[in-house]
Amino acid sequence: MIGIFDSGVGGLTVVKEIFKYLSDYQITYFGDTARLPYGTKGANFVIRYSKKITRWLLKKGVKIIVVACNTSSAWASDSLKKEFKNIPIFEMISPAVKEAIKTTRNKKIGIIGTPGTIKSGAYKKKLIKLDSDLKFFSTACPLFVPLVEEGWIDEKVTKEIIKKYLLPLKEKNIDTLILGCTHYPLLKEAIAEVIGKKVKIINPAESLAKKLKEFLENRPEVKNKIKKGSKHKFFFSDEPYNLGKISHLCFNKRIKPIIKDPF
Ligand code: DGL
């Protein structure tokens, strides 16, 4: 099984991309709805729960961990990789950063995410490590998560809020924008309308899914350990709000949640 975790329902956008590229592997998902949002929590909290969830997923028998939550990826992935050395751990930031570097022509990259992700500087640090000439401009967009969870993907008010956050980035003449949060790919069309056609949008979930596929193709010993089939399990630590809406947006069908708080 592939273990995927997030603070809540947003990680389903990552599952959606993984299904596109790796349709036949069994997935065990954990959304920490009892404790969300992670995006406004401190680093220590996010690290503590990311470790607990990883340990729990490993007990369930997963052979790979995908940290679908960008905030957990930003604050906790280094600690997770240190503590759980024997298991491949994938985070959302590195594949997106590589794709952004390949994409940009003018070396001006925009990054949007939760307050925690932006405060951590994780995207910037990884970008600058690969290309010190890059210029980046980041903005936290905390209102995007509740808008998506409300299902307001295409409302007038949503576009106004997108403008408020993103027009300052547009003025910086970025040519690439990283959607550094699980929920933002569901706003991709509205974001593209505001930011303009010239700006290429990077969906980290898609970059991650491609990287995971490549990894499994090159590592048959891991690949062969992962159960195949469609018996996916979606655990949530508390009732997920508007799961029907989000799962329809991602999969065109309702998924069946298992409510269980192991902590
Ligand atoms: N999953 C979070 C992320 O990608 C967004 C929701 C939250 O703040 O918990 O950063």
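Residues numbered from 1 in each chain as written. Predicted model: local features only at pLDDT ≥ 70, side-chain atom pairs only at ≥ 80, totals over all residues. Heavy atoms only, no water.

### Topic: the site of the ligand
The immediate surroundings of the ligand are formed by D6, S7, P37, Y38, G39, C69, N70, T71, T114, C181, T182 and H183. Interatomic distance of 2.7 Å between a side-chain N/O atom of D6 and a nitrogen atom of the ligand. Here the ligand loses 97% of its free accessible area of 300 Å² to cover by the protein chains. A breakdown of the residues in the shell around the ligand according to their chemical character gives four nonpolar, seven polar and one charged. (Near = heavy atom within 4 Å. Polar contact = N/O pair within 3.5 Å; in protein donor to acceptor, adjacent residues only side chain to side chain. Areas by Shrake-Rupley, 256 points an atom, 1.4 Å probe, with all protein chains shown as cover. Nonpolar A, V, L, I, M, F, W, Y, C, P; charged D, E, K, R; others polar.)

### Some details on the packing of helix α8 (residues 156-171) against helix α9 (residues 188-195)
Between α8 and α9, the shortest axis-to-axis distance is 9 Å and the interhelical angle comes to 50 degrees. Between α8 and α9, the interaxial angle falls into the category oblique. Of the two elements, α8 crosses α9, and the hand of that crossing is right-handed. Judged by residue contacts, K159, I162, K163, L166, L167 and K170 of α8 engage A190, I191, E193, V194 and I195 from α9. Broken down by class, the residue content of the contact of α8 with α9 amounts to seven nonpolar, no polar and four charged. (Axes fitted to C-alpha atoms, helices over the stretch in contact; angles between N-to-C directions. Helix = DSSP H or I, 4+ residues; strand = E, 2+ residues; numbered from the N terminus. Parallel < 35°, antiparallel > 145°, perpendicular 65-115°, else oblique. Left-handed = near helix turned anticlockwise from the far one by under 90°. Contact = heavy atoms within 4.5 Å.)

### Examining the pattern of salt bridges
Under the criterion given, the structure shown has 14 salt bridges. Between E91 and K81 there is a salt bridge; the shortest N-O distance is 3.7 Å. Of the two residues, E91 is situated in strand β4 (residues 89-91) and K81 in helix α3 (residues 70-83); the sequence distance between them amounts to ten residues. Residue classification places E91 among the buried positions, given a relative accessible area of 5%. The salt bridge involving D154 is made with K159; its shortest N-O contact spans 3.4 Å. Where salt bridges share partners, they join D32, R35 and D261 into one cluster. (Salt bridge = Lys/Arg side-chain N within 4 Å of Asp/Glu carboxyl O. Buried < 20%, exposed > 50% of the residue type's maximum accessible area, 1.4 Å probe, protein only.)

### Looking at the sheet that holds strand β9 (residues 233-236)
The strand order across the open sheet formed by six strands is β4-β3-β1-β2-β9-β10, and the pairing between neighbours is parallel. The open sheet has two free edges, formed respectively by β4 and β10 (257-259), since each of these has just one partner strand. When strand polarity is set aside, the average angle formed by the axes of neighbouring strands in this sheet is 20 degrees. The sheet contact formed by strand β1 (residues 2-6) and strand β3 (residues 64-67) spans four bridges and is parallel. In the sheet register, I4 faces β3, and the bridge partner there is V66. (Pairing = 2+ DSSP bridges.)

### Some thoughts on helix α6 (residues 122-130)
Among the residues of α6, those classed as buried are A122, Y123 and L127. The buried residues of α6 occupy an angular sector of 125 degrees when the element is viewed end-on, so they sit on one face. α6 presents K125 and K129 as exposed residues on the side facing more than 90 degrees away from its buried surface. (Arc of directions from axis to C-beta.)

Interpretation in functional terms is not warranted from these geometric data alone.
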